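What follows is each chain in one-letter form.
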Amino acid sequence: MSAPSANAVPQPTSFAFNEANLARVKQIIAKYPRGRQASAVLPLLDLAQRQHDNWLPRAAMDYVAGLLDMAPIRVYEVATFYSMFNLQPVGKWFFQVCTTSPCWLRGSDDVVKTCESKLGIHMGESTADGLFSLREVECLGCCVNAPVIQVNDDVYEDLDAQSTAKLIDACRAGNPPPVGSLSGRKHSGPASGLTSLTQVPAAGDD
Amino acid sequence: MPKLTVDGKVVEVPNGATVLQACEAAGAEIPRFCYHERLSIAGNCRMCLVEIEKTPKPQASCAMPAAEGMVVKTDSAITKKARKGVMEFLLINHPLDCPICDQGGECDLQDQAMAYGFDRGRFDENKRAVPDKDLGPLVKTSMNRCIHCTRCIRFCTEVAGVEELGATFRGEHMEITTYVEKALTSELSGNIIDLCPVGALTSKPYAFVARPWELRKTESIDVHDAVGSNIRLDARPPEVLRVLPRLNEAVNEEWISDKTRFAYDGLKRQRLDRPYVRINGTLQPVSWQDAFVAIAARLRNLPGSKIAAIAGDLVDAEAMMALKDLMQALGSPNIDCRQDGAKLDASTRAAYLFNSGIAGIEQADALLLVGTNPRWEAPLVNARIRKRWLTGKLKIAAVGPQLDLTYKYDYLGAGPQTLADVASGKHAFAEVLKNAKNPMIIVGQGALARTDGAAVLGLARQVAETCGLIKDGWNGFNVLHTAAARVGGLDLGFVPGQGGRDVAGILEGAGKGEIEVVYLFGADEIDTAKLGKAFVIYQGHHGDKGAHRADVVLPGAAYTEKNGTYVNTEGRVQQARVAVFPPGEAREDWKIIRALSEALGRKLPYDTLAQLRGRLATVNPVFARVGEKPAAAAWGAFGQVGTTTTAAFVSPITNFYMTDPITRCSETMAKCSALLVAASGKTGTHG
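Here the residue numbers are simple positions, counted from 1 along each chain's written sequence. Whichever chain is written first becomes A and whichever ligand is written first becomes 1, with later ones labelled in order. Reporting in this predicted model follows two pLDDT cut-offs: at least 70 for local features of residues, and 80 or more for side-chain atom pairs to be given and counted; totals over whole chains, interfaces and linings ignore these cut-offs and use all residues. Remark: hydrogens and water are excluded; side-chain values derive from all non-hydrogen atoms of the structure.

Draft legend 1. Spatial organisation of the overall build of chain B. What chain B contains, in helices and strands, is 21 helices and 28 strands. Its C-alpha radius of gyration of 27 Å places chain B within 12% of the 26 Å reference for a compact globule of 687 residues. Each of the three principal axes of chain B carries a C-alpha extent, and together these read 90 × 60 × 55 Å. Exposure categories follow from relative accessible area, calculated using a 1.4 Å probe and restricted to protein chains: below 20% of the type maximum is buried, above 50% is exposed, and the middle band is partly exposed. Counting across all 687 residues of chain B, residues that qualify as buried make up 60%. Summing over all exposed atoms, chain B offers an accessible surface of approximately 26,700 Å²; the carbon and sulfur share of this is 52%. In this tally Asp and Glu are treated as negative and Lys and Arg as positive; neither His nor the chain ends contributes. Taken as the charge location is NZ of Lys, CZ of Arg, CG of Asp or CD of Glu. Counting 81 positive and 78 negative side-chain charges, chain B places the averaged centre of each group 1 Å from the other. Runs of H or I in DSSP of at least four residues are treated as helices and runs of E of at least two as strands, each being numbered from the N terminus. It is over C-alpha atoms that the radius of gyration is taken, and the globule rule equals 2.2 Å times the number of residues to the power 0.38. Where accessible areas are quoted, they stem from the Shrake-Rupley method and a 1.4 Å probe; at the residue level, only the protein chains shown are allowed to cover.

Below is the structure:
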């Protein structure tokens with residue numbers, strides 16, 4: 001991850017929340033004590049990013065600063081601090097591949113290789129058709145089901161080269177699989193099937 | 001009052017003091033980068049680590065509250081090792097470019113690396129590279145050198161009140177930036193150069209000009225506004241190369257405005273360096289003798305009533321005194337030091353002073369601004385108001401221009417009518433003033449330099465009297481001046497004598513031919529077109545408006561080139577000192593007048609500056625109290641009861657960066673005004 005320049009991409013000149021989001025903004029701000037509305041900056045930026053194709057243009061940061069009566073620089077500081085805010089456009093399917101130690105031990109190299117070769121892009125890049133973006137991220141907190149990829153808001157687990165390829169195809173077809181393990185494992189149970197508690201205990205059985 | 005032991009020494013410190021302050025009290029010096037007494041505590045540089053008994057790790061002393069019974073060790077092996085470790089980390093990304101760095105020789109990091117640095121680095125990776133930022137024409141950046149102490153961010157946010165700098169991104173990628181590239185819009189932005197402990201922020205006009213040890217340092221006083229900021233002039237003769245602030249808690253703390261700091265390059269341009277006399281319509285260079293002869297010829301047999309003198313905004317009290325004495329000797333009562341025509345009453349000292357003192361703002365709890373834009377008229381007064389406002393104890397209201405002053409205030413109205421409402425108690429804010437412990441009014445020149453100025457002054461006095469601004473040990477009636485010479489001029493009585501004319505009268509008389517000779521002493525802010533056919537003598541240091549109109553030009557000295565007394569808006573008498581000599585044949589101003597008096601056959605009775613200062617002190621004893629806190633001035637009746645117009649109060653300053661002949665000649669100030677004033681102007685695209 002490198003600090004991208006603020007003015008690297010063409011920025012929209014204006015941004016405003018739609019009506020539904022404005023209603024949510026009111027609810028969010030109401031959660032904080034009067035005069036502490038600046039605390040709402042994170043949820044509002046998130047809302048703005050969701051409304052704006054999963055990336056946060058400067059106009060949106062300025063707009064949020066205006067809503068919360070903050071100096072724009074204070075919003076820029078927050079938005080640039082958190083890597084979850086995308087300051088540049090990302091593809092419709094935003095692949096965040098975990099390569100931290102547990103995922104790496106469980107074969108994230110294959111997952112990365114598959115993503116890169118199948119999409120024809122490197123980490124940190126987007127496909128020309130605007131469908132996919134690829135980014136390397138640190139631990140996503142699903143080590144027990146490593147390796148994992150986060151696609152937009154959803155995490156897909158227990159990946160290998162094959163299932164990663166399938167996942168990409170499914171996304172391209174606009175039909176992503178259900179969230180969770182792609183190896184058929186249930187939650188974080190043993191990969192080879194249950195080894196205990198294989199049957200429902202009988203009533204009265206301790 | 002916790003008592004703690006520092007290096008075996010027991011010290012008692014006030015509640016809320018930090019360990020660092022306790023160490024200082026015990027005489028132990030603690031290295032630091034991010035900590036600064038006037039800014040909030042950040043605790044992020046870690047340089048001030050000390051060992052405290054019963055804590056598992058060294059503690060950042062700047063952020064650790066001192067507690068009863070603490071045992072602090074500032075020279076233990078653990079402390080030293082911790083500091084060395086921090087220094088090594090700081091130097092990992094700091095470039096080794098001291099030889100080409102402007103901070104070299106006065107760099108905190110350089111100095112402290114001498115004490116805690118290691119002779120080589122153990123970090124084999126590349127140093128990080130950070131793009132430089134463009135912060136405008138004043139502050140040069142070299143962001144590779146930045147150690148992220150965040151002093152500049154905290155200064156802009158807290159003291160200057162302009163939230164434009166911030167730290168974006170994080171960790172290895174953290175950058176100090178405005179994010180959207182733009183010039184800082186603060187009038188105090190130059191102070192971040194002093195605050196920066198490394199060479200990341202340096203002065204752009206001073207870039208690669210000199211090394212600190214080459215410079216001769218002179219302690220002096222600033223004249224670009226009426227605050228009288230204490231400054232240090234760093235000169236390598238014949239030029240002043242930079243201006244730095246000096247500590248004076250009562251006046252400028254340790255800040256100065258950008259105008260004070262950066263206008264010095266105006267001292268090199270458009271200088272009058274030899275006398276001139278207008279011959280056949282053009283100014284011809286002549287000798288001093290010929291210039292005096294020309295004046296003497298014109299003044300011969302002229303009655304005093306046909307002669308007049310106007311003193312400008314940058315002149316020193318000594319020369320004004322000499323000129324006043326000379327005019328008296330010539331029999332002229334037509335003298336005035338109020339170029340802008342402000343209806344200031346010279347008879348009562350309290351009527352034209354900032355009586356509460358600038359430091360007094362920190363006791364005020366209610367403030368009414370009248371016809372003033374302190375942010376441009378006196379940025380350091382504005383910074384004090386903001387400082388007090390930040391404590392939440394000051395309620396502010398304004399009558400006059402409605403501007404961004406870096407703090408919130410109630411806008412009451414535009415003109416005298418609103419002030420009259422407050423004076424009569426009709427306005428709700430009158431109650432706020434009455435209920436306040438230390439209420440204050442600040443009257444700007446925008447409220448006084450108008451035809452109904454005397455009536456407005458009367459209204460302001462009425463506010464002061466009816467709302468309880470004058471009480472035992474507190475005088476909340478404050479006049480904010482914009483001219484450094486003004487209070488001194490009023491103190492020594494450079495105002496029309498019996499039957500004399502003021503500035504408007506002089507100009508009118510000159511236009512009608514009733515005044516035949518006008519002596520402009522550094523007076524450039526008047527409408528010279530109104531001088532008619534009068535014979536104009538201009539004494540000053542810059543070829544500005546006055547010199548262009550003059551028939552005789554006498555080259556004087558700028559504030560950096562003479563020993564002169566200035567009285568600031570609070571009535572504080574301070575002395576500026578010679579840093580460099582005036583250019584060419586220019587001379588110190590009082591000497592010119594003294595020499596001219598001899599040529600006119602009316603020799604003034606002083607031959608040395610000391611004698612002249614003695615004369616000043618006999619005219620007004622305040623001049624003997626140099627540098628002291630001004631004594632409380634007696635209250636009296638001043639101002640007029642009269643009708644006021646409905647015209648709105650307008651601040652006299654339309655361009656902060658260009659207010660006097662020096663700043664008008666300064667390239668740096670020209671860049672600032674093109675960039676900042678034009679951008680904020682009403683005709684700009686942002687309007």
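Draft legend 2. Fine view of the overall build of chain A. The secondary structure content of chain A amounts to 7 helices and 5 strands. If you list the helices and strands of chain A from N to C, you get α-α-α-α-β-α-α-β-β-β-α-β. With the principal axes as the frame, chain A shows a C-alpha extent of 60 × 50 × 30 Å. Relative to its full complement of 206 residues, chain A shows a buried share of 41%.

Draft legend 3. Representation of the pattern of salt bridges within the structure. All names here are of chain B. Definition used for salt bridges: Asp or Glu carboxyl oxygen within 4 Å of a side-chain nitrogen of Lys or Arg. All chains considered together, the criterion is met by 59 salt bridges over all chains. In this structure, Glu-598 engages Arg-594 in a salt bridge whose closest nitrogen and oxygen atoms are separated by 3.0 Å. Taken as a pair, Glu-598 and Arg-594 lie in helix α18 (residues 589–599) at a separation of 4 residues, close to a single helical turn. For Glu-598, a relative accessible area of 46% puts it in the partly exposed group.

Draft legend 4. The sheet that holds strand β3 (residues 149–151) of chain A, seen in detail. All names here are of chain A. Two strands qualify as a pair provided that DSSP identifies no fewer than 2 bridges between them. With respect to topology, 5 strands assemble into an open sheet ordered β2-β1-β3-β4-β5, the strand pairing being mixed. Every interior strand has two partners, whereas the edge strands, β2 (132–137) and β5 (180–181), have only one. Looking at chain direction, strand β4 (residues 154–157) and β5 are connected through 2 bridges and run parallel. Along β5, the bridge assignment pairs Tyr-156 with Gly-180. Helix α6 (residues 108–119) rests against β1 (93–98), β2 and β3 of the sheet, and its axis sits at about 150° to β1. Each of β1, β2, β3 and β4 is contacted by helix α7 (residues 161–172), which is oriented at about 165° to β1, the strand it contacts most. The contact definition used throughout considers only heavy atoms, calling two residues in contact when any of these lie within 4.5 Å. Interaxial angle, 0 to 180 degrees, is taken between N-to-C directions of lines fitted to C-alpha atoms, where a helix line uses only the stretch in contact.

Draft legend 5. Here's a closer look at the packing of aromatic side chains. Aromatic rings from Phe, Tyr and Trp, taking only the six-membered ring of Trp, are treated as a pair when their centres fall within 6.5 Å; an angle between ring planes under 30 degrees marks them as stacked, one over 60 as edge-to-face, and anything in between as tilted. The full count for this structure, using the stated rule, is 13 aromatic pairs over all chains. Summarising the aromatic geometry, the rings of Trp-389 of chain B and Tyr-407 of chain B are spaced 6.5 Å apart at their centres and angled 45° between planes, so their arrangement reads as tilted. Separated by 18 residues along the polypeptide, Trp-389 of chain B in helix α10 (residues 379–390) and Tyr-407 of chain B in the loop between β18 (395–399) and β19 (410–413) bring together distant segments of the chain. Relative accessible area serves as the criterion here: at 23%, Trp-389 of chain B is assigned to the partly exposed category. The exposure class of Tyr-407 of chain B is buried, given its relative accessible area of 5%. What links up through ring pairs into an aromatic cluster is the set Phe-15, Phe-17 and Tyr-63 of chain A. When the ring centre of Phe-81 of chain A is taken as origin, the NZ or CZ atom of Arg-170 of chain B, which lies over that ring, is 5.0 Å away. Whether a charge lies above a ring is judged from NZ of Lys or CZ of Arg, which has to be within 6 Å of the ring centre and within 35 degrees of the ring normal.

Draft legend 6. Looking closely at the pairing of strand β17 (residues 366–370) of chain B. All names here are of chain B. Among the 5 residues of β17, 5 are classified as buried, and the element is accordingly described as predominantly covered. Residues Ala-366, Leu-368 and Val-370 line one face of β17 and the alternating positions Leu-367 and Leu-369 line the opposite face, and both faces are buried. Strand direction decides the pairing type here: β17 and β18, joined by 5 bridges, are parallel. Pairing of Leu-367 across the sheet is with Ile-396, part of β18.

Draft legend 7. Inspection of the domain arrangement of chain A at higher detail. Domain boundaries in chain A define domain 1 (13–81) and domain 2 (93–181). The centre of domain 1 of chain A, based on its C-alpha atoms, is set 29 Å off from the matching centre of domain 2 of chain A. Note that the domain bounds were set by an automatic or database domain assignment.

Draft legend 8. View of helix α14 (residues 453–466) of chain B. Residues and elements named next belong to chain B. Between its first and last C-alpha, α14 extends 20 Å over 14 residues, near the 20 Å set by a 1.5 Å rise per residue. Most of α14 sits inside the fold, with 11 of its 14 residues counted as buried. Listed as buried for α14 are Gly-453, Ala-454, Ala-455, Val-456, Leu-457, Gly-458, Leu-459, Ala-460, Arg-461, Val-463 and Ala-464. Of the surrounding secondary structure, the elements contacted by the buried residues of α14 are α11 (416–423), α12 (428–435), β20 (439–444), α13 (445–448), β21 (470–471) and β23 (477–480). One less than the residue count of a helix, multiplied by 1.5 Å, gives the span that helix is expected to have.

Draft legend 9. Fine view of the state of the cysteines. All names here are of chain B. In what follows, a disulfide is any cysteine sulfur pair within 2.5 Å. For the structure on display, the rule yields 0 disulfides over all chains. Looking at Cys-48, it has no disulfide partner, and the nearest cysteine sulfur is the one in Cys-62, 3.7 Å off. A residue is classified by how much of its surface remains accessible, and Cys-48, at 2% relative accessible area, is buried. This cysteine, Cys-152, is not joined by any disulfide, and Cys-149 carries the nearest cysteine sulfur, 6.1 Å off. In this structure Cys-152 comes out as buried when scored by relative accessible area, which is 9%.

Draft legend 10. Region of the structure containing the layout of surface pockets. All names here are of chain A. Of the two site types, the cavity is a set of points on a 1 Å grid over the protein atoms alone where a 1.4 Å probe fits but cannot get out, and the pocket is an open set with protein on both sides within 12 Å along at least five of seven lines, each lined by residues with an atom within 4 Å of a point. Grid points are joined across faces, edges and corners, and a volume is the space filled by probe spheres set on the points. For the second largest pocket, the calculated volume is near 1,200 Å³. Residue lining of the second largest pocket: 38 residues in total, with Ser-83, Met-84, Asn-86, Gln-96 and Arg-135 positioned closest to the centre. Taken together, the elements giving at least two residues each to the lining of the second largest pocket come down to α2 (41–51), α4 (72–81), β1 and β2. With 5 residues, the top contributor of residues to the lining of the second largest pocket is β2. Across the lining of the second largest pocket, the residue classes break down as 17 nonpolar, 13 polar and 8 charged. Split by domain, the lining of the second largest pocket shows at least three residues from each of two domains, domain 1 (13–81) and domain 2 (93–181). Charged means Asp, Glu, Lys or Arg here, nonpolar means Ala, Val, Leu, Ile, Met, Phe, Trp, Tyr, Cys or Pro, and polar covers whatever is left, Gly included.

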